[in-house]
Amino acid sequence: MNIRAQYCRSWASQAGNTLVLFMIIMAVLASLAAGAFKAATLNMETTNSFSKGRKAFYSAEVGLDLAVNAVVNEFENLSVYTESADYAGADADGFITESDYRGYEVKYKVTNPVEQFLYQTIVGNTTIYHYAYTYNIESHSQSLKDKTKETVRETIRILETPLVQYFVFYGMTGNAADLELFPGPDMDMWGRIHSNGDIYIGSSSGNEIRLRNYDTSNSLSPHLMSAAGNVYNNTKDTPIRTYNNTVIVKTAGTGTTFSPTETVSTDITTANEATEETRFNDYVLIQEEPYSTPAKAFFSRGGFYEQRAGDPQRTTIDGIKIIGTGGLGSGTEVFVSRPSPNTDVTALVAAGESSAGVSTGLALPIIQETQDAFEDCREDGRDVDTTDIDLNLLESWYEAYLADNGLSLAGDGILIFTSRSPDASFDNQSGDLQAIRLVKLDATSSAQVSDETTLVTDNPVYIHGDFNTINTHGVAVIGDAINVLSNAFVTKPCGISQNTLFNNYKGTTTSVNAALFSGNLPTQADGSEYSGGVHSYPRLHEWWTGNSLNILGSFVNLWVSEQADGLWCLGGDCYSGPTRNWGWDIRFQDPDFWPPFIPSIYSVERVGFLE
């Protein structure tokens, strides 16, 4: 009995100790569990806080992107961005707000615009110049659900690249961006060549295209062939022809002998990009970024260029505007930008007077209208009505006019806008073709201009005879299509044989110094209808065989021609090709040689960033 009682007491004591131990273990486990839960909760809060912080950061970065887009859009609209405080929607502190971007209020401010300055970058192995503009951007994001917020800042540089720095530039997108070059004879070229699409290049009849780094005077010139797509040594049209070892590229940027070189002996695509670009020492590049170029609306009636010709809004640029049809004083009107914007000087120009009753002594006419000047056989034999402008006489008159007003040329060039279109909707598809002709109207006139000049029209342009070859200035001619007529050009009927073209309408050696900006009719996407190659970019209308056409400047293709929309044609009614002495004018390396309001491309560099 006592033993059993003692055993029961012992068991009870042990059970009690076990219970205490169990309670202690449970307490420790509970404590550990509470700690783990607290740690897990803290980790979740930290993760959630980090996630919120990242979202706020990314939302603030969106504000930077919105600011950059606003700045670039202003430049692409051909205006210089100032500060965000100057634009619609800005608050008193200069911020522009996006009230709800994925649950965040995002606002940005653009400040401290730095006056433009010249800036250099490297493209391939060449140096290219830009006008540079620097801005500071500040962006804030604030969550609409909690107190999460973020601030980021960056400094950007906008690069404005005048396209006169390219020998050949094909803008646009898709099929229209493809660049084709297939001249018959040998062709030496220098300067940068770029396509927003593919490049198709080769020379027929065993001849060669030679892309080199020096011009006909042995002056050094940058050279480059770049494409947003690929480079092919075959034609785009059907049937396809392939050319081997006919395109030779100098692989050095020094020296004026054509060595060392490599030949475009195969297509250059993503499959062999690295090997081929290395072989050409980066003087041939593919899969480059395409560029956004100015829309044709800027060059139409009522658009940017017409407005600026009447009022450049820059004190260092002069403007002249020539609008209408029907002869001076009865339809065509002339305006100048000084001494006040859009001053009507029609009567003075018609009379050749610098002021009322004061003769300039210049030959007349300075500007004239010509009905049925000639037939354009490429345009279905349509008669061409022209506004004929003698730029030498016009600019000489303008200098005399300024002098009578106690003024002189502003210094940074002359912008001229001219048009025979009644309004921006004019398509030029019925009746006579309305066009602008640049021509010497008097034998005593000269193939020269007074200053750097940009001439713009929405109509087709015909450059008749030697142009800008004496005391050469930087000149740009911009039109729906660019045609070149030789010094010997005479009115030519359509419907003639090739033999008649050869015997009666021979082009004589002619020289043009200008950057040409216009459009073309591209080869069909399926290659079924050829048109639009660089070798036919300046449209020709005579039998040139045996004579030279010398063009020093740039060929910049910005749109599909809308008014002069006839497809390329050769022989008979059309033309035979000249010896093409075409190359980049190396004087365009000097910004002082750039004409005013040159169409440009734009890019952005990030200079600094701060979170």
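Residues numbered from 1 in each chain as written. Predicted model: local features only at pLDDT ≥ 70, side-chain atom pairs only at ≥ 80, totals over all residues. Heavy atoms only, no water.

**Focus on empty space enclosed by the protein**
Throughout the structure, instances matching the rule amount to three cavities of 30 Å³ or more. Empty space within the largest cavity amounts to approximately 120 Å³. What lines the largest cavity is a set of 15 residues, and nearest its centre among them are L391, S446, A447, D466 and F467. When grouped by side-chain class, the residues that make up the lining of the largest cavity number seven nonpolar, five polar and three charged. Quantified by volume, the second largest cavity comes out at close to 70 Å³. Around the second largest cavity, the lining residues are R378, S536, P538, R539, L540, H541, W568, C569, D573, C574 and Y575. When grouped by side-chain class, the residues that make up the lining of the second largest cavity number six nonpolar, two polar and three charged. (1 Å grid on protein atoms, 1.4 Å probe; cavity = no way out; pocket = protein on both sides within 12 Å on 5 of 7 lines; lining within 4 Å. Points joined across faces, edges and corners; volume = space filled by probe spheres on them. Nonpolar A, V, L, I, M, F, W, Y, C, P; charged D, E, K, R; others polar.)

**Describing the pattern of salt bridges**
Counted under the stated rule, the structure contains 18 salt bridges. R153 is paired through a salt bridge with E138; the nearest N and O atoms lie 3.9 Å apart. Of this pair, R153 sits in strand β4 (residues 149-162) while E138 is found in strand β3 (residues 126-143), placing the two residues 15 residues apart along the sequence. The partly exposed category is assigned to R153, whose relative accessible area is 36%. The shortest N-O distance in the salt bridge between R157 and E605 comes to 3.0 Å. Of this pair, R157 sits in strand β4 while E605 sits in strand β31 (residues 600-610); the two residues are 448 residues apart in sequence, bridging distant segments of the chain. Put simply, D186, D188, E208, R210 and R212 are held in one network by salt bridges that share partners. (Salt bridge = Lys/Arg side-chain N within 4 Å of Asp/Glu carboxyl O. Helix = DSSP H or I, 4+ residues; strand = E, 2+ residues; numbered from the N terminus. Buried < 20%, exposed > 50% of the residue type's maximum accessible area, 1.4 Å probe, protein only.)

**Thoughts on the state of the cysteines**
Considering all chains together, one arrives at two disulfides under this definition. Note that C377 is cross-linked by a disulfide to C494, the S-S spacing being 2.2 Å. Across the S-S bond linking C377 and C494, the dihedral sits near -105°, which makes this disulfide left-handed. In this pair, C377 is assigned in the loop between β20 (367-376) and β21 (382-389) and C494 in the loop between β27 (482-485) and α6 (498-504), connecting sequence segments 117 residues apart. Its relative accessible area of 11% is what places C377 among the buried residues. Classification of C494 by relative accessible area gives partly exposed; the value is 22%. With its sulfur 1.8 Å from that of its partner, C569 forms a disulfide with C574. Taking the sign of the S-S torsion, -105° for the link of C569 and C574, the bridge is left-handed. For the protein chain, the bonded cysteines connect in the pattern 1-2, 3-4 when numbered consecutively along the sequence. (Disulfide = S-S within 2.5 Å.)

**What to know about the side chain of T246**
Position of T246 relative to the elements: it lies in the loop between β11 (231-232) and β12 (247-250). Among the polar contacts made by the side chain of T246, one reaches the main-chain amide nitrogen of S203 at a distance of 3.5 Å. When neighbours within four sequence positions are excluded, T246 is seen to be in contact with G202, S203, N207, E208 and I209. (Polar contact = N/O pair within 3.5 Å; in protein donor to acceptor, adjacent residues only side chain to side chain. Contact = heavy atoms within 4.5 Å.)

**Observations regarding the packing of aromatic side chains**
For the structure shown, the criterion picks out 27 aromatic pairs. With centroids separated by 5.3 Å and ring planes inclined at 75°, the aromatic side chains of F502 and W543 adopt a geometry described as edge-to-face. A residue pair is termed long-range when its members are at least 10 positions apart, and F502 in helix α6 and W543 in the loop between β28 (510-520) and β29 (548-560) qualify at 41 residues. Looking at F502, the relative accessible area reads 33%, which means it is partly exposed. Taking the relative accessible area as the measure of exposure, W543 reaches 13% and is therefore buried. Three or more aromatic residues joined by ring pairs form one cluster here, namely F298, F299, F304, Y305, W559 and F597. (Phe/Tyr/Trp six-rings, centres within 6.5 Å; stacked < 30°, edge-to-face > 60°.)

**Describing the domain arrangement of the protein chain**
Assigned domains of the protein chain: these are domain 1 (46-161), domain 2 (178-285) and domain 3 (296-598). Distance from the C-alpha centre of domain 2 to the C-alpha centre of domain 3: 30 Å. For the pair domain 2 and domain 3, the two sides together bury roughly 1,400 Å², of which 59% comes from carbon and sulfur. For the domain 2 face of the interface with domain 3, the top three residues by lost area are E180, M187 and W190, together amounting to 33%. Linking domain 2 with domain 3 are zero salt bridges, by the criterion used here. Elements supplying a minimum of two residues to the side of domain 2 that touches domain 3: β6 (179-181) and β7 (187-195). In terms of residue count, the dominant contributor to the side of domain 2 that touches domain 3 is β7 (six residues). Looking at the side of domain 2 that touches domain 3, its residues break down into 10 nonpolar, five polar and six charged. (Domains from an automatic or database assignment. Buried area = accessible area lost by both parts, 1.4 Å probe.)

**Description of the nonpolar core**
If you look at the biggest cluster of nonpolar residues, it comprises 122 residues, and the most contacted ones within it are Y305, L394, W397, L438, V477 and F517. Of all the elements, helix α1 (residues 2-76) adds the most residues to this core, at eight residues. Residues within four places of L394 in sequence aside, it is in contact with I320, I322, I366, I367, I389 and I416. Within the second largest apolar cluster, eight residues are counted, among which are F374, V384, L433 and Y462. (Core = buried A, V, L, I, M, F, W, Y, C linked by side-chain atoms within 4.5 Å.)

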